[in-house]
Amino acid sequence: LKNVKTKLVLTSLLAGNLLFANEYFDEKIIQDNRVEILNLSQDQAQEDSAKLKKDWINPIAFSFKKEYGSDNEYELSSISVDQPIFKSGGIYQAIKFANSSYDFASLEIAQQKKELIKSAINLLFNINKLDLNIQKSQLLVRNAQIDVQRKKEQVLNGFLDSSFLDNALLTLNDTKISLADLKYQKKQLINNFNNISSKKYTDLATPTFNLFSQDDYIKENFEILKAQSQINKDYNFKNMTVAKYLPTFSAYYTHNNYHTHDGTLSKTNTNTYGLKVSIPLDVRTFNDIQSDKIEYLKSKLSLKNTINDETTNYNNAMDKISMIEEKISIVNEDLSVYESILEIMKQEKDAQLKTQSDYDTLKNSSEIKKLDAKTYEIDKQLELLELYAKLKK
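## Quick word on the overall build of the chain
Move 1: The secondary structure content of the chain amounts to nine helices and four strands.
Move 2: Going from N to C terminus, the chain has its helices and strands arranged as α-α-α-β-β-α-α-α-α-β-β-α-α.
Move 3: What you see for the chain is a C-alpha radius of gyration of 36 Å, clearly larger than the 21 Å of a compact globule of 393 residues, by over 25%.
Move 4: Projecting the C-alpha coordinates of the chain onto the three principal axes gives extents of approximately 130 × 50 × 35 Å.

## So, unusual backbone geometry
Move 1: Residue Q352 is not a glycine yet carries a positive backbone phi of 65 degrees.
Move 2: Given the relative accessible area of 74%, Q352 is considered exposed.

## Quick look at a nonpolar patch on the surface
Move 1: Taken together, the side chains of I85, F86, F249, L275, V277, I279 and L281 present a nonpolar region at the surface, about 790 Å² in accessible area.
Move 2: Mapped onto the nonpolar patch, the elements with two or more residues apiece are β2 (74-86) and β4 (270-278).
Move 3: Tracing the backbone through its elements, the reader meets F86 in strand β2.

## Quick notes on the layout of surface pockets
Move 1: Empty space within the largest pocket amounts to approximately 320 Å³.
Move 2: Every element with two or more residues in the lining of the largest pocket is listed here: α4 (90-156) and α7 (222-244).
Move 3: Of all the elements, α7 adds the most residues to the lining of the largest pocket, at five residues.
Move 4: Split by residue class, the lining of the largest pocket holds nine nonpolar, four polar and three charged.

## With respect to the nonpolar core
Move 1: Core analysis: the largest hydrophobic core is formed by 56 residues, its most contacted members being F25 and L387.
Move 2: Among the elements that make up this core, the one with the highest residue count is α4 (16 residues).
Move 3: Residues in contact with F25, not counting those within four places in the same chain, are K114, I117, K118, I121, F209, L385, Y388 and A389.

## A word on the packing of helix α3 (residues 32-53) against α4
Move 1: Contact geometry of α3 with α4 gives a least axis separation of 8 Å together with a crossing angle of 175 degrees. The angle between α3 and α4 places the two elements in the roughly antiparallel class.
Move 2: For the contact of α3 with α4, the class distribution of residues is eleven nonpolar, nine polar and three charged.

What counts as what
- Residues numbered from 1 in each chain as written.
- Predicted model: local features only at pLDDT ≥ 70, side-chain atom pairs only at ≥ 80, totals over all residues.
- Heavy atoms only, no water.
- Helix = DSSP H or I, 4+ residues; strand = E, 2+ residues; numbered from the N terminus.
- Rg over C-alpha atoms; globule rule 2.2 N^0.38 Å.
- Buried < 20%, exposed > 50% of the residue type's maximum accessible area, 1.4 Å probe, protein only.
- Patch = residues over 30% accessible without salt bridge, like charges linked within 9 Å, V, L, I, M, F, W, Y side chains within 5 Å.
- Areas by Shrake-Rupley, 256 points an atom, 1.4 Å probe, with all protein chains shown as cover.
- Salt bridge = Lys/Arg side-chain N within 4 Å of Asp/Glu carboxyl O.
- 1 Å grid on protein atoms, 1.4 Å probe; cavity = no way out; pocket = protein on both sides within 12 Å on 5 of 7 lines; lining within 4 Å.
- Points joined across faces, edges and corners; volume = space filled by probe spheres on them.
- Nonpolar A, V, L, I, M, F, W, Y, C, P; charged D, E, K, R; others polar.
- Core = buried A, V, L, I, M, F, W, Y, C linked by side-chain atoms within 4.5 Å.
- Contact = heavy atoms within 4.5 Å.
- Axes fitted to C-alpha atoms, helices over the stretch in contact; angles between N-to-C directions.
- Parallel < 35°, antiparallel > 145°, perpendicular 65-115°, else oblique.

What follows is the structure in structure tokens.
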């Protein structure tokens, strides 16, 4: 793993690679209605935040009353307001809480959008991977057909028992069935891709993701950023709770307006205004504050756990990429052997020491190895895709 990380630092362009890869996470690949839902969620989060910022502002109360049953009927309209102007820091903390809530919601929506785009890219990779497997399966069918023809000639010439031909036919049949299964799987993936994407998969090229450092992964990781944002939310909410039990200074105003029909009612319009201070005395105060403090401490510990989890996730991905690169190296070594043998076999075929079918069988096997290498490269890109999808950039 240490060698992989060393290679990682040497070969990557770090932030530049992250920005370049982000071009592939274009929301245009997703159907408009799915993007619109996420955009509406973003607008809703903004409105919810604006509403939270105004929660400390009390509404203006208006009432109207008409009295019957007395000698002089009258109507009374009243307007009153009781507005806190100082809540021991609670107003400031409420605004900060609204901002941190919006930041958290925005991160969640951005993550959902990127996950949706990742799903489309993942399907695109897997469709291409199935194309390679279909090509491999077609080559296996050709080799199986060659083997059946060879066994048939040997059985007819008395060199082999018919059971060898039966086995060759069973292998050919199994290979054809596997090919049919692969074609069906490809159709399923295309249908799934069309379900979330506004593009035809044939119009899109698969991206090439580059390795990047663990530091970049930790700094830009959605889960870690959300955990940090959660700490801010819980901290501001804790302070709001404390302020709730501290003195609140309010300004109040009431205007009563009496309406009479004959002018004989001896009531005058009144205006009442002033300042007041209030302190709630609640036996649950300590428990309420302590509960929110504990929640804040939990969120701080949760951040450490999230960093550990995502570090492990990164290291596991690097280990798997290292394993895939080892497989690619092994396949390339095999290909070198195949190329040298094919060169010799071609000469022997030209000298009529080997048959065309012998050469074709080995040539097909060599092509299968090349397709294996391409498949492993896609597996590597799929691992990197999972990492990139976790990044805000």
